Amino acid sequence: MRIGDHDTCQRVLIVAEIGNNHEGDFARAEQLVRAAAECGVDAVRFQTFRARDFVSPRDPDRLARMSRFELSEEQFHRLAALTRQLGLLFLSTPLDIPSAEFLSPLVDCFKIASCDNNFYPLMVRVAASRKPVILSSGMAGWNEIVSAKKFLEDAWMRRNLSPGLAVLHCVSAYPVPDAEANLAAIPRLAGRLDCAVGYSDHTLGIDACLAAVSLGARIIEKHFTLNKHQSEFRDHQLSADPADMRELVNRVRRIEVLIGFPEKGVQPCEMANQRLLRRAIVAARSIEAG
């Protein structure tokens, strides 16, 4: 999958998921983007929504909380400009159809959240954008994943498009217990889906992300915060702070080097040892000529 100049076949795409960790504070959102860039990630991702368009009024507490977390369209334009100025890709997840329409010219790539991997009206609008799509597979089994993937690809085919699709293994719990992270699904998905496969992490710490790369994930998405104890909003606790994210980036890049390529051959560092360490035919006693 190629997003701009980034090819996930060549290098793991590391996404700092800011999501709603700004809690509606635009200055903090800008600070999070700058901090993510300093950590060396490739992209940042937000959520874009109008709470009234997707939260039921019968849930007034959630509606009030999500309304507080809203950022304006003008603020998203400024965040996208800042992100690109810092050399990162700008991604966002629309949670309603008007937000998908707004984001269409703004994002480098759409992310479809796990809660919406069967929300086909939203996928229709996202597919019309001609932008690559990252599809999260939380709360979905194999048949649902295949159906969502086929739906997007068919929508593109009708328009003679192929912008690129990636599917992320994801478990939609906050946080995910280690025993239910199920990272073995990653190579399984990679072997059965004809697209890039990655991992969206909701565990505590960064170990699951590192294991996911070793298992073949080409995209790693980790929640990102400035302070894990900033507030009672649950996402902070399962997020990486700047120290964690910097370590995650450094260790993923080392793992990429360690993994190398699937071909088996003689490495340059061992060539000099062939003559020194290989067995040779040696006479045990003097032998007369002839």
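So, how was this worked out
Residues numbered from 1 in each chain as written. Predicted model: local features only at pLDDT ≥ 70, side-chain atom pairs only at ≥ 80, totals over all residues. Heavy atoms only, no water. Helix = DSSP H or I, 4+ residues; strand = E, 2+ residues; numbered from the N terminus. Buried < 20%, exposed > 50% of the residue type's maximum accessible area, 1.4 Å probe, protein only. Pairing = 2+ DSSP bridges. Right-handed = clockwise from strand over helix to strand, strands pointing away. Expected span 1.5 Å × (residues − 1). Arc of directions from axis to C-beta. 1 Å grid on protein atoms, 1.4 Å probe; cavity = no way out; pocket = protein on both sides within 12 Å on 5 of 7 lines; lining within 4 Å. Points joined across faces, edges and corners; volume = space filled by probe spheres on them. Nonpolar A, V, L, I, M, F, W, Y, C, P; charged D, E, K, R; others polar.

Let's talk about unusual backbone geometry
Then step 1. Between tyrosine 174 and proline 175 the backbone carries a cis peptide bond, its omega angle lying at 5°.
Then step 2. Looking at where proline 175 falls in the secondary structure, it is placed in the loop between β8 (165-170) and α8 (185-192).
Then step 3. Backbone geometry places asparagine 160, a non-glycine residue, at a positive phi of 60°.
Then step 4. The class for asparagine 160 is exposed, based on a relative accessible area of 73%.
Then step 5. Backbone geometry places asparagine 182, a non-glycine residue, at a positive phi of 55°.

With respect to the pairing of strand β7 (residues 133-136)
Residues in a regular strand point their side chains to alternate faces of the sheet.
Then step 1. Residues Val133 and Leu135 line one face of β7 and the alternating positions Ile134 and Ser136 line the opposite face, and both faces are buried.
Then step 2. Judged from the three bridges that link them, strand β6 (residues 109-112) and β7 form a sheet pairing that is parallel. Among the inter-strand pairings, phenylalanine 110 is bridged to a residue of β7, identified as valine 133.
Then step 3. Handedness of the crossover is the feature at issue here: the chain leaves β6, passes through helix α6 (residues 120-127), returns alongside β7, and the resulting connection is right-handed.
Then step 4. Bridge count between β7 and β8: four bridges; the pairing is parallel. If you follow leucine 135 over to β8, its bridge partner there is valine 167.
Then step 5. Note that the unit made of β7, helix α7 (residues 142-158) and β8 has a crossover that is right-handed.

Examining helix α4 (residues 73-85)
Then step 1. Its 13 residues give α4 an end-to-end C-alpha distance of 18 Å, which sits within 8% of 18 Å, the value for a rise of 1.5 Å per residue.
Then step 2. All buried positions along α4 are accounted for by Gln75, Phe76, Leu79, Ala80, Leu82 and Thr83. Along the axis of α4, the buried positions cluster into a sector of 165°, meaning they face one direction only.
Then step 3. Taken from the residues just after α4, glycine 87 is the one with a positive phi, measuring 85°.

As for the layout of surface pockets
Regions of empty space are outlined by a rolling probe, equal in size to a water molecule, passed over the atoms.
Then step 1. Size it by volume and the largest pocket reaches roughly 650 Å³.
Then step 2. If you go around the largest pocket, you meet 30 residues; those closest to its centre are Gln47, Arg62, Cys115, Tyr174 and Arg234.
Then step 3. Contributions of two or more residues to the lining of the largest pocket are made by β3 (13-19), β4 (43-48), α3 (60-69) and β10 (219-223).
Then step 4. Ranked by the residues each element gives to the lining of the largest pocket, the list is headed by α3, at four residues.
Then step 5. Residues belonging to the lining of the largest pocket are distributed by class as follows: eleven nonpolar, ten polar and nine charged.

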